[in-house]
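For reference, the chains in residue letters:
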Amino acid sequence: MGMRSCTLTFTTLLLTVSLLAACPRPVAPTPTPTLAPTLAPPTATVSPLPAGWVDYAAGTARIALPADWQVLDLAGTAAAETLAAFQASNPDLAALIGSAETLQSAALWAYHAADPAGGFSDSLNIRRVGSATPDLPAAVEPIVAQYRQLGFTVSETRTDRQIGGLPAASIAYTLPFTRANGQATTLVGRQYLVAAADETWIISFSSVPETAAAMAPVFEQSVGTFRAR
């Protein structure tokens, strides 16, 4: 079950990408000329950068993390070298990543570099889907259904959020996880979907029960600093 649960986590992230890309787009009706007042574009509301936090690029987006988090090098052959180093020093995170290809397909991979509780490092990965998601509630419903079929316990979904001034949704879940040393634990995840004009961002945080309570406000504070291009 160990490697299967790890593989499921990122297979499902890719499944999320596929489901979002496959969501039907509404057909625009023939416009009827009307007179309407000119409205100012919405202002992006972004949380101020907390003291001591570091702002990082995630592809064309940006996000901030505490100073004791470290961002992995995804460039070129460095991804394979990074993964090989993690297999020795942080085998649980290496198992979550799975392969150098998975590492490189992300816009950003980061982890909590402080001494991990029980040896597990809380982590973040950000991915971009090159298509818009105009109806987030309709997109989230099949994703949650697939998660449950794959053994995830989905504890909360929200489709009424705003992140960086953009429509957003969040999914909180847990998943059985067997660590590299054979110890059974639970992966505690929170995933955010942010719908920009022509793309969708998938922001996924992971922790374990020992750190979940402490990390929950950190994850929320971090995602509040996310800005799409």
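This structure is a prediction, so every number in the text was calculated from the model and none was measured. (Residues numbered from 1 in each chain as written. Predicted model: local features only at pLDDT ≥ 70, side-chain atom pairs only at ≥ 80, totals over all residues. Heavy atoms only, no water.)

**Some points on the overall build of the chain**
Next, step 1: For the chain, the count of helices and strands is six helices and nine strands.
Next, step 2: Considering only contacts in the chain between residues 6 or more positions apart, those separated by 24 or more positions represent 62%.
Next, step 3: Approximately 11000 Å² of the chain is accessible, and the part contributed by carbon and sulfur atoms is 58%. (Helix = DSSP H or I, 4+ residues; strand = E, 2+ residues; numbered from the N terminus. Contact = heavy atoms within 4.5 Å. Areas by Shrake-Rupley, 256 points an atom, 1.4 Å probe, with all protein chains shown as cover.)

**Some words on the pairing of strand S6 (residues 153-163)**
Next, step 1: Both S6 and strand S7 (residues 166-178) contribute to a ladder of eight bridges, which runs antiparallel. The partner of Glu-156 across the bridge, within S7, is Ala-172.
Next, step 2: Taken together, S6 and the strand that follows it, S7, pair antiparallel across an intervening segment of two residues, in which Gly-164 is found at a positive phi of about 60 degrees. (Pairing = 2+ DSSP bridges.)

**Regarding the pattern of salt bridges**
Next, step 1: Applying the stated criterion across every chain, the model contains seven salt bridges.
Next, step 2: Where Arg-190 meets Glu-156, a salt bridge forms, and the shortest distance between an N and an O atom there is 3.2 Å. Taken together, the residues span a long stretch of sequence, with Arg-190 in strand S8 (residues 184-195) and Glu-156 in strand S6 at a distance of 34 residues.
Next, step 3: Between Arg-158 and Asp-160 there is a salt bridge, with its nearest N and O atoms 3.1 Å apart. (Salt bridge = Lys/Arg side-chain N within 4 Å of Asp/Glu carboxyl O.)

**Comments concerning the sheet that holds strand S9 (residues 200-207)**
Next, step 1: With antiparallel pairing, the seven strands of this open sheet are ordered in space as S3-S4-S5-S9-S8-S7-S6. One side of each edge strand has no neighbouring strand; the edge strands of this open sheet are strand S3 (69-71) and S6. With direction set aside, neighbouring strand axes in the sheet form an average angle of 20 degrees.
Next, step 2: Bridging between S7 and S8 involves eleven bridges; their strand directions are antiparallel. Counterpart to Ala-168 in the pairing with S8 is Val-194.
Next, step 3: Those strands touched by helix H5 (residues 136-149) are S6, S7 and S8, and its axis lies near 5 degrees from that of S7. (Axes fitted to C-alpha atoms, helices over the stretch in contact; angles between N-to-C directions.)

**A closer look at the side chain of Ser-222**
Next, step 1: Mapped onto the elements, Ser-222 comes out in helix H6 (residues 209-223).
Next, step 2: The class of Ser-222 is buried, set by a relative accessible area of 0%.
Next, step 3: There is a polar contact of 2.8 Å between the side chain of Ser-222 and the backbone oxygen of Ala-64. (Buried < 20%, exposed > 50% of the residue type's maximum accessible area, 1.4 Å probe, protein only. Polar contact = N/O pair within 3.5 Å; in protein donor to acceptor, adjacent residues only side chain to side chain.)

**Re the environment of Arg-62**
Next, step 1: Secondary-structure assignment places Arg-62 in strand S2 (residues 61-65).
Next, step 2: Assessed through its relative accessible area of 33%, Arg-62 is described here as partly exposed.
Next, step 3: Distance in space between the C-alpha atoms of Arg-62 and Ala-107 is 10.0 Å, their sequence separation being 45 residues.
Next, step 4: A distance of 2.7 Å separates polar atoms of two side chains, one belonging to Arg-62 and the other to Asp-55.

**Thoughts on the confidence of the model for the chain**
Next, step 1: In this model, the chain carries a mean pLDDT of 78, and residues with pLDDT of at least 70 account for 75%.
Next, step 2: Ranking the elements of the chain by mean pLDDT puts helix H1 (residues 2-22) last with 46 and S6 first with 96.
Next, step 3: Per-residue pLDDT stays below 50 along residues 1-12; that stretch engages in 24 contacts with residues further than four places along the chain or on separate chains.
Next, step 4: The low-confidence segment residues 21-44 (pLDDT under 50) makes eleven contacts with residues lying over four places distant or belonging to another chain. (pLDDT = per-residue confidence, 0-100.)

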